Amino acid sequence: MKVLQKISSFAGNTFAVWVVLFAILSFLAPSGFTWLAEFITPLLGIIMFGMGLTLSADDFKEAFKRPKEVAIGVAGQFVIMPLLAFALVSIFPVSTEVAVGVILVGCCPGGTSSNVMTYLSKGDTALSVSITAVSTILAPVLTPALIYLFASQWLEVSAGSLFVSIVQIVLVPILLGLLVKALLKEKVEAGIKAIPLVSVIGIVAIVAAVVSVNQEQIAETGLFIFLLVVLHNTLGYLVGYGLGKVMRMEPKQQKAVSIEVGMQNSGLGASLAAAHFNPLSAVPSAIFSVWHNISGPIIATIFRKLQEKEENRNK
């Protein structure tokens, strides 16, 4: 078990490397990874089940202890990123599929990577976990509604079908994870140590599947989509941080809100795109998954350095 824990820890610490590596490999040799496409939805379900195992009642209690801070983070997540996505695809000349894909990832809740990045930034990790938990639980209602609101002008959107999908691949696995943890308690603890490894394998497989299926389209428009995703993500961090400042939150909370707003559950975006829209619509989510594993450590380092500089100044 200790060996598995070490492997899992190594995989988690080198997450970005594996995502980038397999994105490149699946682009260069797509035929070796296209078979993964049919497993995108179950893979995300497994990841969400793992997330359920790592959550506890305390994560939800925190939301009731600090409802204002959690509400600001959740509102920022579901308002800032969809609006930024809609603005970007309205300003820049993009195809229908890419527009829907960018809006789709913008309407998703936060991912668990944001919790790790908040911790590394010396931000308020407890607040970050609570915002992720609450936004994920609200996703079955808010994500379909927002996609319908912002993307229906490009193509027909079935909010009902999206709701059912998110319940099946997000809410049910998370609730099952919580239930298993509540029933088995200490017996589950050993297995939880392997969750980073499972999450890395799942996200890497989803990215590889999306990239391999859309290799030709990525070759034509990939650079532009990448720049769009980078802009969306960067603006999310900046506007999220500004929101924290405007709401007069403490510096640690400002960092948590910034990272929560900027980082999305791109695996969910890719899964919904593959199930309900054109395969090309999944590309922004796949690229977002690659990019936020690069930008996350960068923003965490910047925040940490700024805090250390402030602490040294006050000595």
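Residues numbered from 1 in each chain as written. Predicted model: local features only at pLDDT ≥ 70, side-chain atom pairs only at ≥ 80, totals over all residues. Heavy atoms only, no water.

Draft legend 1. Examining empty space enclosed by the protein more closely. For the structure on display, the rule yields one cavity of 30 Å³ or more. Reported here for the largest cavity is a volume of approximately 40 Å³. Taken together, I203, I206, V207, S266, G267, A270, S285, A286 and S289 form the lining of the largest cavity. Secondary structure elements with two or more residues in the lining of the largest cavity: α11 (195–213), α14 (266–276) and α15 (283–313). Classifying every residue of the lining of the largest cavity by side-chain character gives five nonpolar, four polar and no charged. (1 Å grid on protein atoms, 1.4 Å probe; cavity = no way out; pocket = protein on both sides within 12 Å on 5 of 7 lines; lining within 4 Å. Points joined across faces, edges and corners; volume = space filled by probe spheres on them. Helix = DSSP H or I, 4+ residues; strand = E, 2+ residues; numbered from the N terminus. Nonpolar A, V, L, I, M, F, W, Y, C, P; charged D, E, K, R; others polar.)

Draft legend 2. Region of the structure containing the UniProt feature "transmembrane region" (unreviewed entry) in the chain. According to UniProt, the feature "transmembrane region" (unreviewed entry) maps to residues 12–33, 39–58, 70–92, 98–120, 127–151, 157–180, 192–211 and 223–244 in the numbering used here. Overall, residues 39–58 shows 85% helix and 0% strand. The separation of its end C-alpha atoms is 33 Å. (UniProt positions renumbered as here; feature names shortened; annotations may be inferred.)

Draft legend 3. Representation of the nonpolar core within the structure. Membership of the largest hydrophobic core comes to 81 residues, with the highest contact counts inside it found for I147 and L268. Look past the residues within four positions of I147 in its chain and what remains in contact with it is L104, C107, S152, V157, L162 and F277. Counting residues in hydrophobic clusters, the runner-up holds six residues, among them M117, Y237, I299 and F303. (Core = buried A, V, L, I, M, F, W, Y, C linked by side-chain atoms within 4.5 Å. Buried < 20%, exposed > 50% of the residue type's maximum accessible area, 1.4 Å probe, protein only. Contact = heavy atoms within 4.5 Å.)

Draft legend 4. Inspection of a nonpolar patch on the surface at higher detail. Taken together, the side chains of L138, V141, L142, F163 and V164 present a nonpolar region at the surface, about 390 Å² in accessible area. Looking at the nonpolar patch, the elements that each hand over two or more residues are α8 (125–151) and α9 (159–184). The biggest single contributor to the nonpolar patch is α8, with three residues. Note on placement: L138 falls in helix α8. Residue classification places L138 among the partly exposed positions, given a relative accessible area of 35%. (Patch = residues over 30% accessible without salt bridge, like charges linked within 9 Å, V, L, I, M, F, W, Y side chains within 5 Å. Areas by Shrake-Rupley, 256 points an atom, 1.4 Å probe, with all protein chains shown as cover. Salt bridge = Lys/Arg side-chain N within 4 Å of Asp/Glu carboxyl O.)

Draft legend 5. Structural detail: the state of the cysteines. One pass over the structure, following the stated rule, counts zero disulfides. The thiol of C107 is not disulfide-bonded; the next cysteine sulfur, from C108, is found 7.3 Å away. Residue class for C107 comes out buried when judged on its relative accessible area of 0%. (Disulfide = S-S within 2.5 Å.)

Draft legend 6. Expanded view of the packing of helix α3 (residues 40–54) against α11. Two numbers describe how α3 lies on α11: the axes approach to 9 Å, and their chain directions differ by 155°. Here α11 runs roughly antiparallel to α3, going by the angle between their axes. Between α3 and α11 lies a crossing whose hand is left-handed. Each of I40, L43, L44, I46, I47, G50, L53 and T54 in α3 lies in contact with α11, whose residues at this interface are I195, V198, S199, G202, I203, A205, I206, A209 and V210. (Axes fitted to C-alpha atoms, helices over the stretch in contact; angles between N-to-C directions. Parallel < 35°, antiparallel > 145°, perpendicular 65-115°, else oblique. Left-handed = near helix turned anticlockwise from the far one by under 90°.)

Draft legend 7. Molecular detail of the side chain of S271. Within the element layout of this structure, S271 appears in helix α14. Contact partners of S271, with chain neighbours within four places excluded, come to I40, T41, L44 and I169.

Draft legend 8. Focus on the pattern of salt bridges. Tallying each qualifying case throughout the model produces one salt bridge. Measuring nitrogen to oxygen at the nearest pair gives 2.7 Å for the salt bridge that ties R66 to D124. You can see R66 sitting in the loop between α4 (57–65) and α5 (67–91) and its partner D124 sitting in the loop between α7 (113–120) and α8, a full 58 residues away along the chain. You can call R66 buried: its relative accessible area is 17%.

Draft legend 9. Examining the packing of aromatic side chains more closely. Counted according to the given criterion, the structure contains six aromatic pairs. Taking 5.4 Å as the distance between ring centres and 45° as the angle between the ring planes, the aromatic pair formed by F86 and F150 counts as tilted. Of this pair, F86 sits in helix α5 while F150 sits in helix α8, and the two are 64 residues apart along the sequence. The buried category is assigned to F150, whose relative accessible area is 10%. Seen from their ring centres, F92 and F224 are 6.2 Å apart, and the 70° between their planes marks the pair as edge-to-face. Pair noted here: F92 is in the loop between α5 and α6 (96–106) and F224 is in helix α12 (residues 215–246), with a separation of 132 residues, a long-range link. (Phe/Tyr/Trp six-rings, centres within 6.5 Å; stacked < 30°, edge-to-face > 60°.)

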